[in-house]
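Letter by letter, the chains look like this.
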Amino acid sequence: MLFHGYYIFSTKPLIISFLGSYPFFGGVVYQDKKFTYKPLPKWFCPKHVLEHTPYWCAAPKQMFLRKIKSILHSIEGRTHHLMVNAADEEQMRKHFRVRGAHFNQNFYINEHLYKIIEQPKVYDAIYTAQLNSSKRLWLARNIEKLMVVSYGGDLHAYCPELKHADFNTKFIPRPELAKKYNQAYVGLILSALEGANLASSEYLLCGIPVVSTPSKGGRDEFFTPENSIIVPPEAEAVRRAVETWMELSPEPEKIRAQMLKKINDLRLHYCTYIAQLIEQESGDLHDPKTLMEKYFSPPQGIQSRYVKQEELHKLTPEDFSARFSL
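What comes next concerns the included structure. (Residues numbered from 1 in each chain as written. Predicted model: local features only at pLDDT ≥ 70, side-chain atom pairs only at ≥ 80, totals over all residues. Heavy atoms only, no water.)

Brief notes about the environment of Asn 142
Mapped onto the secondary structure, Asn 142 falls in the loop between β8 (123-128) and β9 (146-149). Separated by 138 residues in the primary sequence, Asn 142 and His 4 have C-alpha atoms spaced 37 Å apart. (Helix = DSSP H or I, 4+ residues; strand = E, 2+ residues; numbered from the N terminus.)

And the structure:
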């Protein structure tokens, strides 16, 4: 999923989903410990908002804050639905009686972009990760041929243990990133706590197996014994697991097919959820399979239903309806 915008699932009624914050009370958002003003067009009045959370929220304090969010949405005339990534979050959501469901956000990934591409294997492993402590980059220090993909920055200065690794200094476009994934035998994800982690699922759609540490946040919901190895947070354990996958040489097509089955099952359930909301509000009936085709068809996948927040101000209600009506 993308920040700073909305996925449009229906215009009548207006049903949207988003990752992150929504502008309350005419545009005031509390974000990064400060208030900002990000108004929306007056005509943009969602009936249902489906919030996906980028961070693990199974702690009572986190879920209580989302309960307050739900009340704020109600005050402004919207019905809030919290979509959680992991089973422990779902248990906490139900405990606090927050409206929503358990839908891991990684089904938003565009499988038409992240796919198997014939490439020479250049790297033993690749790790897509921001240069921050939560990603525990140093655990990859014993990987001989390593590529680290971040938003940019000097990997060698940040993590001297990885001075032997390749890295990008500027943003890598998504098609090029898919090629990079296919140039590696294994994808790494070594954090202990975060959200669903898109990269871990992008690896699988590109047909490469994963080496992960134990984690909270939901990424392991797509892991199976056939596509991943979970190891203790120790550099030697990570190295041995990478070597294991290199020796086993699993079939990329099987890894991708298994991942596609999981995300498409999720998508169908999600479309059923949305179809029920549409029927509840308008009485219109929509087949979930038809909605799924509409929302996730190639080449853009779900990104065809996405609009940036600032772009909304450039659209008229008529343009918006023509672009996103079912």
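Resuming the write-up.
Re helix α7 (residues 252-282)
Here α7 contains 31 residues, and its C-alpha end-to-end distance of 44 Å stays within 8% of the 45 Å for a straight helix at 1.5 Å per residue. Within two residues after α7, Gly 283 carries a phi angle of roughly 85°, on the positive side. (Expected span 1.5 Å × (residues − 1).)

Considerations on the sheet that holds strand β6 (residues 79-84)
Sheet strands pair by backbone hydrogen bonding; their relative direction is either parallel or antiparallel. In space, the 6 strands of this open sheet follow the order β7-β6-β5-β2-β1-β14, with mixed pairing throughout. Lying at the two open borders of the sheet, with one neighbouring strand each, are β7 (100-102) and β14 (306-308). Taking the axes of each pair of neighbouring strands and ignoring which way they run, one obtains an average angle of 25° across the sheet. Across 3 bridges, strand β1 (residues 5-11) lies against β14 in antiparallel orientation. Across the sheet, the residue bridging to Tyr 6 is Val 307, located in β14. Across the sheet, helix α9 (residues 317-324) lies against β1, β2 (14-19) and β14, angled at about 75° from β1, the strand it touches most. (Pairing = 2+ DSSP bridges. Axes fitted to C-alpha atoms, helices over the stretch in contact; angles between N-to-C directions. Contact = heavy atoms within 4.5 Å.)

Considering the pattern of salt bridges
Summed over all chains, the structure comprises 13 salt bridges. One salt bridge connects Lys 179 with Glu 176, and the closest N-O pair in it is separated by 3.8 Å. You can see Lys 179 and its partner Glu 176 sitting in helix α4 (residues 174-182), 3 residues apart, about one turn around the helix. Among the residues examined, Lys 179 registers a relative accessible area of 33% and is labelled partly exposed. Residues participating in the shared-partner salt-bridge network are Glu 236, Arg 239, Arg 240 and Glu 243. (Salt bridge = Lys/Arg side-chain N within 4 Å of Asp/Glu carboxyl O. Buried < 20%, exposed > 50% of the residue type's maximum accessible area, 1.4 Å probe, protein only.)

Examining the pairing of β1
Most of β1 sits inside the fold, with 7 of its 7 residues counted as buried. Between the end of β1 and the start of β2, which pair antiparallel, lie 2 residues.

A look at the packing of helix α5 (residues 198-205) against α7
Two elements in contact, α5 and α7, have axes separated by 7 Å at closest approach and are oriented at 125°. Relative to α7, α5 is oriented oblique. Of the residues in α7, those touching α5 at Ser 201, Leu 204 and Leu 205 are Ile 255, Arg 256, Met 259, Leu 260 and Ile 263. Residue classes in the contact of α5 with α7 are distributed as 6 nonpolar, 1 polar and 1 charged. (Parallel < 35°, antiparallel > 145°, perpendicular 65-115°, else oblique. Nonpolar A, V, L, I, M, F, W, Y, C, P; charged D, E, K, R; others polar.)

Some thoughts on the pairing of β6
Of all 6 residues that make up β6, 5 are buried, and the element is covered over most of its length. Two strands pair when backbone bridges link them, and strand β5 (residues 48-52) and β6 are joined in this way by 5 bridges, in the parallel orientation. For His 52, the partnering residue across the bridge sits in β6 and is Met 83. Here 3 bridges tie β6 to β7, and the two strands are oriented parallel to one another. Bridge pairing in β7 links Met 83 to Ala 101. Note that the unit made of β6, helix α2 (residues 87-95) and β7 has a crossover that is right-handed. (Right-handed = clockwise from strand over helix to strand, strands pointing away.)

Focus on unusual backbone geometry
In this structure, Pro 13 follows Lys 12 across a cis peptide bond, with omega equal to 0°. Positionally, Pro 13 belongs in the loop between β1 and β2. Although it is not a glycine, Arg 97 adopts a positive phi angle of roughly 55°. Mapped onto the elements, Arg 97 comes out in the loop between α2 and β7.

Side note on α2
Listed as buried for α2 are Glu 89, Glu 90, Met 92 and Arg 93. The buried residues of α2 occupy an angular sector of 165° when projected down its axis, which confines them to one face. Away from its buried face by more than 90 degrees, α2 exposes Ala 87, Gln 91, Lys 94 and His 95. Contacts made by the buried residues of α2 are with α1 (60-75), β6 and β7. (Arc of directions from axis to C-beta.)

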